[in-house]
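Architecture and fold: a report
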Amino acid sequence: MDTTLIINPGSSSKKYALYQNGREVFSVSYEQTKDGFGKCISVGSERNVCESSTAIHYHDALAETCALAVARGCISRCEDITRVGVRIVAPGTFFTTNRVIEGTYMTHLREVAVFAPLHIPHQIEEIERVQALLPHTRVLGVSDSAFHATITERARQYSIPRAEVQQFDMYRFGYHGLSVASVMRRVTDERGAMPERAIVCHVGSGVSVTALKHGKSIDTTMGFAPTSGLMMGTRGADIDVAAVFYMIARHGGDVRAVEHIINDESGLKGLLGSSDLRVALDRRARGDVRGILGVSMYVEGIRKAIGAYTALLGGIDMLILTATAPERNPEVRALLTERFEYLGVHIDGTKNESLGSRAGSISASHSQVEVRVVHTDEMGEMARIAKVM
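Residues numbered from 1 in each chain as written. Predicted model: local features only at pLDDT ≥ 70, side-chain atom pairs only at ≥ 80, totals over all residues. Heavy atoms only, no water.

**Remarks on the overall build of the protein**
Of the regular secondary structure elements, the protein holds 16 helices and 14 strands. Taking 389 residues into account, the globule formula puts the C-alpha radius of gyration at 21 Å, and the protein, at 21 Å, falls close to it. Referenced to the eigenvectors of the C-alpha coordinate spread, the extents of the protein come out at roughly 60 × 55 × 40 Å. Expressed as a percentage of the 389 residues in the protein, the buried residues total 52%. Restricting the contact set of the protein to residue pairs at least 6 apart, pairs at least 24 apart contribute 62%. Just so you have it, the protein exposes about 17,700 Å², and 52% of that area is on carbon and sulfur atoms. For the protein, the separation between the mean place of its 43 positive charges and that of its 44 negative charges on side chains is 2 Å. (Helix = DSSP H or I, 4+ residues; strand = E, 2+ residues; numbered from the N terminus. Rg over C-alpha atoms; globule rule 2.2 N^0.38 Å. Buried < 20%, exposed > 50% of the residue type's maximum accessible area, 1.4 Å probe, protein only. Contact = heavy atoms within 4.5 Å. Areas by Shrake-Rupley, 256 points an atom, 1.4 Å probe, with all protein chains shown as cover. Lys, Arg positive; Asp, Glu negative; His and termini not counted. Charge placed at Lys NZ, Arg CZ, Asp CG, Glu CD.)

This is the structure in structure tokens:
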């Protein structure tokens, strides 16, 4: 039987899923929590069973995942896995194509590791674990940027000297492409076609907004690396280049120290000491000044992007909210859609609250723009791509 293992490795979470003949039969997600580690297991159509885990299990999650899949009868042995697809988040034209992972691929990945430190080191580690555990299995790099290959040349280019662009491959590549592709596919399946002008807001630990024209990406907020664009959990996003130069000088020329600050200590964490949006919302509700500031900056950045992309598209037919924050939290959905009445965006407060963490429309009956909460399915999108590679 054709069996594909899909892996989405992150800095604080790891997700694994087994697909047989295009259908998910088993999944495990591991996550670092404020209390330690946790994991959630799902077999077929059964509901997730979540429990605490250990640091050892988290760091050796691949081997445990294989063992759990065997124990639950999903595969008879780990060697039954015919291919492995790994989500790749990395800057460079090379990584805008889905590819088989081999020696040259790993060399390229290590060369750009410094530019996506929240992603690439974990990707490399996971690939090496796969190659050690399943040495005869085909390993595939599934690009998180490939979906954005259609962005306009105006959006792709930086206005820096052409020689620099060509020598150092300096373009805006965009990320969260797998997420955007998956929600676009779901909307298309439900409606028969995508609306002409849609904007997708992916709001999780990473944040991006993408403009879609007839279902194709024409611009997105993340650029050369996933640090750029909007304010996120730990990432400072777009910062005046002169301010970055100034920080480097004040840190004695230590580029790595500044890179660490911008990637790991900024965003909500820099403002509030916590990267968790739920903490920021709680502090805001209690009237905490920093909580109010943090939530305002976070939300207003996303609203600015929605406004800009509405202008770029010449209007908006659908606003799609996806990823953990809007999928789970009615308050986040309400905040993100405020102040767009002038565009014809109106949400129904009752529908928004009653939706809970389910997917569906939260538009008011008189809204000229459909507002939908759509669950992202990066793993399913990766499985679909890996199957045809």
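And the narrative resumes.
**Focus on the environment of Gly 307**
With respect to the secondary-structure elements, Gly 307 resides in helix H12 (residues 289-313). Judged by its relative accessible area of 25%, Gly 307 falls in the partly exposed class.

**Description of the state of the cysteines**
The tally for this structure, following the rule as stated, stands at one disulfide. For the unlinked cysteine Cys 78, the closest cysteine sulfur is that of Cys 66, found at 3.2 Å. (Disulfide = S-S within 2.5 Å.)

**Some points on the side chain of Glu 378**
The topology assignment puts Glu 378 in helix H16 (residues 378-387). Owing to a relative accessible area of 11%, Glu 378 belongs among the buried residues under this scheme. Residues in contact with Glu 378, not counting those within four places in the same chain, are Asn 8, Arg 87, Leu 178, Ser 179, Ser 182 and His 202.

**Here's the deal with the pairing of strand E12 (residues 318-322)**
With five of its five residues buried, E12 lies for the most part within the structure. The two faces of E12 match: Met 318, Ile 320 and Thr 322 on one face and Leu 319 and Leu 321 on the other face are all buried. Two elements, strand E9 (residues 197-203) and E12, share five bridges in a ladder whose sense is parallel. For His 202, the partnering residue across the bridge sits in E12 and is Thr 322. (Pairing = 2+ DSSP bridges.)

**Things to note about the nonpolar core**
Note on soluble globular proteins: their nonpolar side chains tend to be buried together. One finds Ile 199, Cys 201, Tyr 298, Ile 302 and Leu 319 to be the most contacted residues of the largest nonpolar core, which totals 46 residues. For this core, the secondary structure elements donating two or more residues are E9, strand E10 (207-213), helix H10 (267-272), helix H11 (277-285), H12, E12, helix H14 (330-336) and strand E14 (370-373). For this core, the element with the highest residue contribution is H12, accounting for eight residues. Beyond its immediate chain neighbours, meaning those up to four positions away, Leu 319 contacts Ile 199, Cys 201, Ile 306, Thr 337, Val 369, Glu 370, Val 371 and Arg 372. (Core = buried A, V, L, I, M, F, W, Y, C linked by side-chain atoms within 4.5 Å.)

**Brief notes about the sheet that holds E12**
The six strands are arranged E11-E10-E9-E12-E14-E13 in an open sheet whose pairing can be described as mixed. Strand pairing shows two members of the sheet lacking a second neighbour, strand E11 (216-220) and strand E13 (360-361), which therefore form its edges. Sheet topology places E9 next to E10; seven bridges connect them, and they run antiparallel. Bridge pairing in E10 links His 202 to Ser 208. Contacts from helix H7 (residues 177-191) reach E9, E10, E12 and E14, with the element oriented near 125° to E12. (Axes fitted to C-alpha atoms, helices over the stretch in contact; angles between N-to-C directions.)

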